[in-house]
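Commentary on secondary and tertiary structure
Residue-level listing of the chains:
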Amino acid sequence: MFASHLECPKCLTKYDTEQPHQLCSCGSPLLVKYDLAAVAARMSKSDVAARPPDLWRYRELLPVIAEENIVSLGEGMTPLLKLERLGTRIGMSHLYLKDEGIIPSGSFKARGAAVGVSRAKELGVTTLAMPTNGNAGGAWALYCAKAGIAAVIVMPKDAPAIPRSECAIAGARLFLVDGLISDAGKIVGQAIGERGWYDASTLKEPYRIEGKKTMGLELAEQFGWEMPDVVLYPTGGGVGLIGIYKALCELREMGWVSGELPRLVAVQATGCAPIVRAWQQRAAESEFWENAHTCAFGITVPKAIGDFLVLDAVYKTDGCAVAVTDEATLAAESLLATTEGTFVCPEGAACMAATQKLLADGWLGPDERVVVLNTGCGIKYPETVTSDPRLLQPSDRLPD
Ligand SMILES: *Cc1c(COP(=O)(O)O)cnc(C)c1O
Ligand SMILES: [Zn+2]
């Protein structure tokens, strides 16, 4: 294993990887550091190419020590689809969709769960708890079932119904709160302190991000170890965006990719856009967003604990942060389905809507290599279709 230690990105305090750690004593999330020179000496691109098509193909850049602790449902290596028809329609020649819709549990939260649960198992955790907007709870419940770890999941009562069923069928202890993920987080924080459970909240343990990082590793590999120009990411807690940035920085340090990193775009909904507001003010951190609401439930995060890391990645890559309306999101969702045959989740659709907006503004060039990240499958969100009357108009007679 090549992970050397955990490090606080704020105060630079180091921690070992042998003990379970949560936040730094200064309150910041901790990040996993690797001996990248040793990784580069041990692993080659052709080694990676010969391995099975899942995220463990990058195991030297992952924190799990013993192979028997790996808890896998076959996650990773999702398709990178070129959107020819939609690209032609809107005037973009190199538009891609990285489609996480086909991953176990139907959302990219499976990546974080696979690596996070594997490390929890390795560290001897027997019960973990987490707040969630739905998909993380579903994914962690399922991976915990496979690992034999008890999971306590706290979710807003308005979260989509299907992830709730995932928690239930996987035997997790599910607790619903009348409020937002921030309220669920407070309940978990209190219970953790009282009961001594492992806190698997976003960025309160350092390993979930390592799983999500593999999206960046895959993108580099899928582009032939080159980097695209722009990646759009639906940003809630922002773990995926921080992870992609971390992955590409690690690959660059290893000499596997070179040149400019892609401009990273944090996409949010106009009903919950704390990162966008902070970016517009060139602030280093975001402020709590009151009365958060959007159909893209996975990105309803009023204040992210890793906001400063998200903003740092956006600033350092010359990216931007952009908010789109639910109306634009739902229109983009149906546009993707009718032109490309992909039924994406609303969060992924928000990135497509943001692409159109940034193209119209001239921020994106028509020939740039642009990746829209679809973080989950639309089938998990039947209500986004059934609640839109324009989308459900069965004919009363067959077409001629
Ligand atoms: C959780 C989630 C997001 C946001 O992910 P973060 O890493 O927390 O920003 C986006 N899309 C979907 C479908 C999600 O479940
Ligand atoms: Zn610190």
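In this report, the structure presented in the accompanying data block is examined.

**A closer look at the nonpolar core**
With 125 residues, the main nonpolar core has Leu95, Leu128, Leu232, Leu251 and Val267 as its most contacted residues. Filtering out sequence-adjacent residues up to four positions away, Leu95 remains in contact with Leu81, Lys82, Leu83, Leu86, Gly87, Ile90, Met352, Thr355, Val370 and Val372. Counting residues in hydrophobic clusters, the runner-up holds seven residues, among them Val154, Val177, Ala184 and Val188.

**Description of the packing of aromatic side chains**
Taken as a whole and judged by the stated rule, the model has three aromatic pairs. Between Trp225 and Trp256, the ring centres sit 5.0 Å apart and the planes meet at 85°, which makes this aromatic pair edge-to-face. Taken together, the positions of Trp225 in the loop between helix H8 (208-222) and strand S10 (230-234) and Trp256 in the loop between helix H9 (239-253) and strand S11 (263-269) put the pair 31 residues apart, joining distant regions of the chain. With respect to burial, Trp225 and Trp256 carry one shared label: buried. Seen from the ring of Phe308, Lys10 lies directly overhead, with NZ or CZ sitting 4.2 Å from the centre.

**Some thoughts on the environment of Arg42**
Positionally, Arg42 belongs in helix H1 (residues 36-42). Between the C-alpha atoms of Arg42 and Glu60, which are 18 residues apart in sequence, the distance is 8.4 Å. Excluding residues that lie within four positions of it along the chain, Arg42 makes contacts with Phe2, Asp47 and Glu60.

**Details of the side chain of Arg111**
One can find Arg111 in helix H4 (residues 109-122). Not counting chain neighbours up to four residues away, the residues in contact with Arg111 comprise Leu55, Gly76, Met77, Thr78, Lys98, Glu100, Ile103, Gly211, Lys212, Thr214, Met215 and Glu218.

**Some words on the site of ligand 1**
Around ligand 1, a shell composed of 18 residues is seen, among which Lys109, Tyr233, Gly236, Gly238 and Thr375 lie nearest. A distance of 2.9 Å is found between an oxygen atom of ligand 1 and a backbone nitrogen or oxygen belonging to Gly237. With respect to ligand 1, the side chain of Thr375 contributes an N or O atom lying 2.7 Å from a nitrogen atom. In isolation ligand 1 has 380 Å² of accessible area, and contact with the protein removes 95% of it.

**Some remarks on the pairing of S10**
The buried count for S10 comes to five of five residues, which makes it a mostly enclosed element. Going residue by residue along S10, you find Val230, Leu232 and Pro234 tucked away on one face and Val231 and Tyr233 tucked away on the opposite face as well. When S10 meets S11, the two strands line up parallel, connected through five bridges. Bridging from a neighbouring strand, Val230 pairs with Arg263 of S11. Considered for its hand, the β-α-β crossover made up of S10, H9 and S11 is right-handed.

**A few points about the pattern of salt bridges**
Inspection of every chain in the model, using the stated rule, returns 23 salt bridges. Of the charged contacts, one joins Lys157 and Asp178 as a salt bridge, the two residues approaching to 3.4 Å between their closest N and O atoms. Of this pair, Lys157 sits in the loop between strand S7 (150-156) and helix H6 (161-169) while Asp178 sits in the loop between strand S8 (173-177) and helix H7 (181-195), and the two are 21 residues apart along the sequence. Owing to a relative accessible area of 39%, Lys157 belongs among the partly exposed residues under this scheme. Judged by relative accessible area, Asp178 falls into the exposed class, the value being 67%. Close ionic contact of Glu194 with Arg195 constitutes a salt bridge, the shortest N to O distance being 3.4 Å. Taken together, the shared-partner salt bridges connect Lys98, Glu100, Arg111 and Glu218 into one network.

The rules behind the values
- Numbering of residues starts from 1 in every chain and runs along the sequence as written.
- As a convention, the first chain written is A and the first ligand written is 1, with the rest following in written order.
- In view of the model being predicted, local features appear only for residues whose pLDDT reaches at least 70, and side-chain atom pairs are presented and counted only at 80 or more, with totals across whole chains, interfaces and linings using the full set of residues.
- Derived side-chain values reflect all non-hydrogen atoms in the structure, with water molecules and hydrogen atoms excluded from consideration.
- We define the nonpolar core as a collection of buried residues of types Ala, Val, Leu, Ile, Met, Phe, Trp, Tyr and Cys that are connected through side-chain atoms lying within 4.5 Å of one another.
- Categorising residues by exposure relies on relative accessible area from a 1.4 Å probe, with only protein chains included: less than 20% of the type maximum marks a residue as buried, more than 50% marks it as exposed, and the intermediate range marks it as partly exposed.
- In what follows, residue pairs with any heavy atoms lying within 4.5 Å of each other are defined as contacts.
- Note on aromatic pairs: the rings of Phe, Tyr and Trp (six-membered ring only in Trp) are paired at centre separations within 6.5 Å, and the planes decide the class, stacked below 30 degrees, edge-to-face beyond 60, tilted for the rest.
- Counting from the N terminus, the helices are DSSP H or I runs at least four residues long and the strands are E runs at least two residues long.
- Here, over-ring charges are defined by two tests on the NZ atom of lysine or the CZ atom of arginine: distance to the ring centre within 6 Å, and angle to the ring normal within 35 degrees.
- Any residue with a non-hydrogen atom lying within 4 Å of a molecule or strand is treated as near it.
- Under this definition, polar contacts are N or O atom pairs within 3.5 Å; protein pairs additionally need one hydrogen-donor-capable and one acceptor-capable atom, and for neighbouring residues in sequence, both atoms have to be side-chain atoms.
- Accessible surface area values rest on a Shrake-Rupley calculation with a 1.4 Å probe, where residue burial reflects the displayed protein chains alone.
- Should DSSP find at least two bridges between two strands, the strands are regarded as paired.
- Here, the term right-handed applies to a crossover whose path from the first strand over the helix to the second runs clockwise when the strands point away from the viewer.
- Only one rule defines a salt bridge in this text: a Lys or Arg side-chain nitrogen within 4 Å of an Asp or Glu carboxyl oxygen.

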